[in-house]
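Chain and residue survey
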Amino acid sequence: WKLIAAAEEPFSGFTDEVNHLGDIDVYNGEIYAGVEYFMDGEAKNIQIAVYDAQTLALTRTWSFAEESGQNEVSGIAVDPDSESVWLCSWADGESGRYLYRYDLETGDYLGKFHLQAPPQWIQGIAYRDGWLYLTADDGTADLGEPDHVYRCKVDVSKTAWTVLLERTLDDVTLQGEIEGIT
């Protein structure tokens, strides 16, 4: 490995206090990140941050829509087919049962989609060929239980999507907490 760039101060330029980047995505020369202030299992100041992929400089941010009910952001995915940015949530309860859609160009909130049946503790999200793939930290590492990868078909005409098991990560020799996906 050869380090080619480093963002020494990734939270510089934010108006609200933030300290956590979730799973990121790269699209058209930009890095998209879900950013928040996360402490003791609670999040606030959730935002979509866009960085220049060459300079790693923050270029713009969009605040999340409070009316969405999302209370944490663990990952972000760019979906150029539906011109959307998708956010997921690691949190238990309502927030972790949905995927949240924002307009790729404007950052406007476009709605949420109910996952049927949602995995616990979603940590990452990625888009490919009409599908959103989700990683979940749903195995108990101390017991050697594997985590999983799931997928759901993007269909913005519906309000709920069926979640399918894509892969059990039982080939990982030392179970831990699965995070992002690309």
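All of the points below concern the structure found in this document.

Rules and cut-offs
- In every chain, residue numbers begin from 1 and rise along the written sequence.
- Two thresholds apply to this predicted model, a pLDDT of at least 70 for residue-level local features and 80 or more for giving and counting side-chain atom pairs, whereas whole-chain, interface and lining totals are computed over all residues.
- By convention in this description, side-chain values take in all heavy atoms of the structure and omit both hydrogens and water.
- A run of DSSP states H or I qualifies as a helix once it reaches four residues; a run of E qualifies as a strand once it reaches two. Both are numbered from the N-terminal end.
- Note on classification: 1.4 Å probe, protein chains only; a residue is buried when its accessible area is under 20% of the maximum for its type, exposed when over 50%, partly exposed between these limits.
- Only the six-membered ring of Trp is used, alongside the rings of Phe and Tyr, when aromatic pairs are assigned; centres must lie within 6.5 Å, and planes under 30 degrees apart are stacked while those over 60 apart are edge-to-face, with the rest tilted.
- Charge over a ring is defined by NZ of Lys or CZ of Arg lying within 6 Å of the ring centre and within 35 degrees of the ring normal.
- The contact criterion used is simple: two residues touch if any of their non-hydrogen atoms lie within 4.5 Å.
- Two N or O atoms form a polar contact when they lie within 3.5 Å of each other; inside protein one atom must be a possible hydrogen donor and the other a possible acceptor, and for residues adjacent in sequence the pair counts only when both atoms belong to side chains.
- Should DSSP find at least two bridges between two strands, the strands are regarded as paired.

1. A few points about unusual backbone geometry
Residue alanine 117 follows glutamine 116 across a cis peptide bond; omega there is -20 degrees. Looking at where alanine 117 falls in the secondary structure, it is placed in the loop between β8 (109-116) and β9 (122-128). Phi at asparagine 45 takes a positive value of approximately 60 degrees, unusual for a residue other than glycine. Structurally, asparagine 45 can be placed in strand β3 (residues 42-52). On the basis of relative accessible area, asparagine 45 is assigned to the partly exposed category, the value being 24%. You will see that leucine 56, though not glycine, has its phi angle at about 65 degrees, which is positive. Structurally, the position occupied by leucine 56 is in the loop between β3 and β4 (58-63). For leucine 56, a relative accessible area of 22% gives the class partly exposed.

2. Quick look at the packing of aromatic side chains
Under the counting rule described, the total for this entry stands at 6 aromatic pairs. Between tryptophan 86 and phenylalanine 113, the aromatic rings sit 5.4 Å apart at their centres with planes inclined by 65 degrees, giving edge-to-face as the arrangement. You can see tryptophan 86 sitting in strand β6 (residues 84-88) and its partner phenylalanine 113 sitting in strand β8, a full 27 residues away along the chain. Arranged with centres 4.7 Å apart and planes meeting at 25 degrees, the rings of phenylalanine 113 and tryptophan 161 form a pair that is stacked. Taken together, the residues span a long stretch of sequence, with phenylalanine 113 in strand β8 and tryptophan 161 in strand β12 (residues 160-162) at a distance of 48 residues. Pair check on accessibility: phenylalanine 113 and tryptophan 161 agree, each one buried. Members of the aromatic cluster, each reached through a chain of ring pairs, are Trp86, Phe113 and Trp161. Sitting over the face of the ring of tyrosine 98, lysine 112 holds its NZ or CZ atom 4.3 Å from the ring centroid. Note that arginine 151 overlies the ring of tryptophan 131, its terminal NZ or CZ placed 4.2 Å from the centroid.

3. As for the environment of tryptophan 121
Considering the arrangement of structural elements, one finds tryptophan 121 in the loop between β8 and β9. Overall, tryptophan 121 belongs to the partly exposed group, its relative accessible area being 27%. For the pair tryptophan 121 and glutamate 179, spaced 58 residues apart in sequence, the C-alpha separation works out to 9.7 Å. Beyond its immediate stretch of four places on either side in the chain, tryptophan 121 contacts Trp90, Asp92, Thr135, Ala136, Asp137 and Asp138.

4. A closer look at the side chain of serine 95
Counting through the fold element by element, serine 95 comes out in the loop between β6 and β7 (98-103). Of the polar contacts made by the side chain of serine 95, one reaches the backbone nitrogen of asparagine 71; its length is 2.9 Å.

5. Some points on the pairing of strand β10 (residues 131-136)
With 5 of 6 residues buried, β10 lies mostly within the body of the structure. With 6 bridges joining them, β9 and β10 adopt antiparallel strand pairing. Along β10, the bridge assignment pairs glycine 124 with threonine 135. Where β9 folds back on β10, the antiparallel hairpin that results is connected by 2 residues, among which aspartate 129 adopts a positive phi of roughly 50 degrees.

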